[in-house]
Each structure stands twice: as C-alpha cells, then as structure tokens.
Amino acid sequence: MQEKNISRLNLEQCQKCSLCNTVCPMMAVNPAYPGPKRSGPDGERYRLKDPVFYDEALKYCLNCKRCEVACPSDVKIADMISEARLSYGHMSRPLRDWTLANTDLVGSLASPLSGIVNPVLGSRPVKYLMDKVIGVDERRRFPSYSKQTFEKWFRSEALEKQGSYKKQVSFFHGCYINYNYPQLGKDLVSLMNACGYGVRLLEKEKCCGVALIANGLGKQAASQARTNMSSIRKALDGKSEAVLGASSTCMFTMRDEYPHVLGVGNDGVRDSLMLAVAFIARKVEEGSVKLAFRQDYHRKMAYHTACHMQKLGWSVYSIKLLRMIPGLELEVLDQECCGIAGTFGFKKENYDYSQAIGSKLFSSIAKSGAGEVVTECETCKWQIEMSAGVKVLNPVSVLVEALDMEKTKELNSNG
C-alpha cells in the first residue's frame, strides 16, 4: 500500500455537508457504524495524528462508493476508509477471512472436485459447522463450481479460431467466470467474435484483488495487481485494442482501486480497461459494429445498477444496448445496494445487515413483475437469486440470446 497522501484523497475539500451520510446503506440499518463522513475525512484527520484513533467499526463499510458518487467535492471517502482498514484493521476471523479472500486458490482446488464440493457446501450439516466453527453464516448460499474452468475451455475450444480476426481484444475473465460460471466467458467470446473481434487471454491473470482488499490482505492484493498490470500492458502493446471484462467490480478495482488504494499505477492503460458492454456500445455509436436481433425474442427483465457500476457511470451503455432488443421489455430499477458487498454478506456477523440493506431492492424486483434481472456484478447475482428468487443474467449473455448471431457476423465480417 502506498504512503499517505492527503491531497490525493482530497481530504481538504470536505465541506462537512453530510451528503455522504444520506446515501450510506449501512448507516440506515446499523447504528454502530459511524457513517462515511466520520469514518472517512473526519476520522482521517485524527488517524494522521495517531493510529490509536482508528475505529474497528470501519469494518462495516461496504465500499459501495455511493458516498463518493454523492460527494460534491470529489473527496475519496471510501478510499480513505479502505486505506485505514488496510493500515490499522485486523481480520475478525483469520481462517475464514483468508479463505474468502483467496478466490484463485480456493477455486483451483474446488473446481476439479466440483461433483463433491458443490453438494457438500450445500448440505445442512456442513453449513451448520461452517457457521459455528469459522463464522460463515449457514443461511448464505454458495455459488457452485464448474468442473471445467473457462481457461481450459478457451484453450481447447476457442483459441485456435481467434487469430483469424483482424481486430483483437484481450479478456480479463476473473475468478467467477473461470471457476464458477464459464458460460459467461463463452458468451463474451461469442459476442466479440460476432462483432468482428478475436479474443485473447492475458499472459498471466490473478484475481483482481477486491476480496483481498476487503479482508485486509493489502500486500497480497498489491502483488496480484502488479502481475495483472504487467500482463495488461503487454496485451495492449501486443496490439489488443482494449482489455475487456464482464464484471463491473473487477473493472472498477483495476481502474480505480489499484492506483488509489494499492498504489499500483495504471497510467496510460486505464481507459483501455473496459466492460465489454461499454466497448460494444461505443462501437455501435460510432458505426464500426452493427447488431442484428432475432425477431422471436420476447422477455421481460429488470435492470439493476450495481454499486460499482454506478461509480463507473457505465450503466447507460448496458441500458442502451438492452433497449435496442426489439422483444425485450426492460424496467430500470432505482439504484439500491443489494447488500452482499462481495465477501461481506457471507460473514455471520454481517448477514442480517446484508439482508436488511438489500430488502428495498428485493421489493423493487418483486413489484416490477420481471421474471429475470440483468446486472454486471456476480455477487449481486448471488444475492438477488438467493433473496429475490429470480434468475440473474449478465447483459453479455442477454445480448447473445437476443442476437441473430449469423447475421451479426455477416454485418461485421468486413471490419
């Protein structure tokens, strides 16, 4: 983690207006949390004098960034809180927190044994033991693991075809796609190929590090960030037009958390780190990519703006593409935090707060009457599917379902 730099976080710009407090989802359900104003700029002034002023209640911050979106002075409130937690905080339950944070290691061990791991993690006795022994709430549903990772599928089924495309992008797939849901990665490859782009994987990819940051493992997160940035720079030097992802949190972490929280620079490449939907929407706007949609596609869906998607400001791209689909009835929900905040909602001491925060969103989904929800965040997907009882899709998968893929390929074959 980098040394303290007050000006970089705009500490002096705080006007004490308390707008950040009005949008904080945690303050609304947890009286023990001091709120973003006290935890961020107010507390930072004291912590700079003496670390003894660090308040362990900062562990309740979701890092949803709603406070930073609301701040009229661009104060990096959530970044201050993240830095303070990395500098002065400690793991509440080391074994649990370390396990939840190390998604690459756990995924690489669980995927080959998915036939055993999935039913075991879903069994009541194991859930009960995990609740009592390590503090993972027994009410939380775990995502299932895939036997074949996305990387293995890509190398055996897709790699050979990608060199035939004149235009190329690289793909940061992330842990979720690789170990839990390879189909989303397959959909992204299909979508980009239909749009006239070949897809490459990065030379070496590590977890983006968001779970490590949240659980206090800053040094490991910074190490993985340096590995990823090295691979990203090589990919862009190798003539990839951009490095794309499907997860809003992965892209947000690499674009903003790397330099702001971990001190890992992304100068010169930040603008080339994009969600696939944002990349395609921009290409459609400029006319270099054309989309042809099926006429027999009819669905009703609700769009949920994930918190990090709101901070990125990119929901407009997803909504624009989704509204291009002739047979899709789309309701855009008011932006509400789902409450899971990555690993936060898995922890026993946080579960009730997580569900209370998400209750507004779950109610909005029910009122919409939509049978499916669209969002770019995988942990929002887990929370909504578990708590609202509806299927959740990434916009990439919706586009693949709704497109006439052959016609789209023909339209983009001369690009």
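### A few points about the nonpolar core
Part 1 of the reasoning: Core analysis: the biggest nonpolar cluster contains 97 residues, and Met192, Ile232, Leu262, Phe279 and Ile325 have the highest contact counts within it.
Part 2 of the reasoning: Among residues more than four places away in sequence, those in contact with isoleucine 232 are Leu202, Val243, Met254, Val269 and Leu273.
Part 3 of the reasoning: Core analysis: the next-biggest nonpolar cluster, separate from the first, contains 26 residues, Cys24, Tyr33, Cys67 and Cys337 among them.

### Some points on the packing of aromatic side chains
Part 1 of the reasoning: A complete count under the given rule lists 11 aromatic pairs for this structure.
Part 2 of the reasoning: Judged by centre distance (6.0 Å) and plane angle (45°), the rings of phenylalanine 150 and phenylalanine 154 are tilted. On the criterion of helical spacing, the pair formed by phenylalanine 150 and phenylalanine 154 is a turn pair, its members being four residues apart in helix H9 (residues 150–162).
Part 3 of the reasoning: A relative accessible area of 0% places phenylalanine 150 in the buried class.
Part 4 of the reasoning: Joined through ring pairs, the aromatic side chains of Phe142, Tyr176, Tyr181, Phe346 and Trp382 make up one cluster.
Part 5 of the reasoning: Across from the ring centre of tyrosine 46, 5.6 Å away, lies the NZ or CZ of lysine 49, which sits over that ring.

### Notes on helix H4 (residues 77–88)
Part 1 of the reasoning: Here H4 is 12 residues long and its end C-alpha atoms lie 17 Å apart, about the 16 Å a rise of 1.5 Å per residue gives.
Part 2 of the reasoning: Taking burial as the measure, the 12 residues of H4 include 10 buried ones, the bulk of the element.
Part 3 of the reasoning: Looking only at H4, the buried set comprises Ile77, Ala78, Asp79, Met80, Ile81, Ser82, Glu83, Ala84, Arg85 and Leu86.
Part 4 of the reasoning: Buried-residue contacts for H4 involve helix H1 (19–23), helix H2 (36–49), helix H3 (66–70), helix H12 (210–214), helix H13 (218–237) and helix H14 (248–262).

### Comments concerning the pairing of strand E2 (residues 197–201)
If a strand is regular, its side chains alternate between the two faces of the sheet.
Part 1 of the reasoning: Buried residues dominate E2, accounting for four of its five residues.
Part 2 of the reasoning: Here strand E1 (residues 167–171) pairs with E2 via five bridges, running parallel. Its bridge partner being in E2, glutamine 168 is matched across the sheet by glycine 198.

### With respect to H14
Count 3.6 residues to each turn of an α-helix, and residues three or four apart come out pointing the same way.
Part 1 of the reasoning: When the local axis directions of H14 are compared, the greatest deviation, roughly 45°, occurs at aspartate 256, which is followed within four positions by the proline proline 259.
Part 2 of the reasoning: Burial analysis of H14 places 14 of its 15 residues in the buried class, which makes it a mostly covered element.
Part 3 of the reasoning: Note on H14: the residue one or two positions beyond its end, glycine 263, has a positive phi of about 70°.

Here is what the cut-offs are and how they apply
Residues numbered from 1 in each chain as written. Predicted model: local features only at pLDDT ≥ 70, side-chain atom pairs only at ≥ 80, totals over all residues. Heavy atoms only, no water. Core = buried A, V, L, I, M, F, W, Y, C linked by side-chain atoms within 4.5 Å. Buried < 20%, exposed > 50% of the residue type's maximum accessible area, 1.4 Å probe, protein only. Contact = heavy atoms within 4.5 Å. Phe/Tyr/Trp six-rings, centres within 6.5 Å; stacked < 30°, edge-to-face > 60°. Helix = DSSP H or I, 4+ residues; strand = E, 2+ residues; numbered from the N terminus. Lys NZ or Arg CZ within 6 Å of the ring centre and 35° of its normal. Expected span 1.5 Å × (residues − 1). Pairing = 2+ DSSP bridges. Bend = angle between axes of the 7 residues up to and from the residue.

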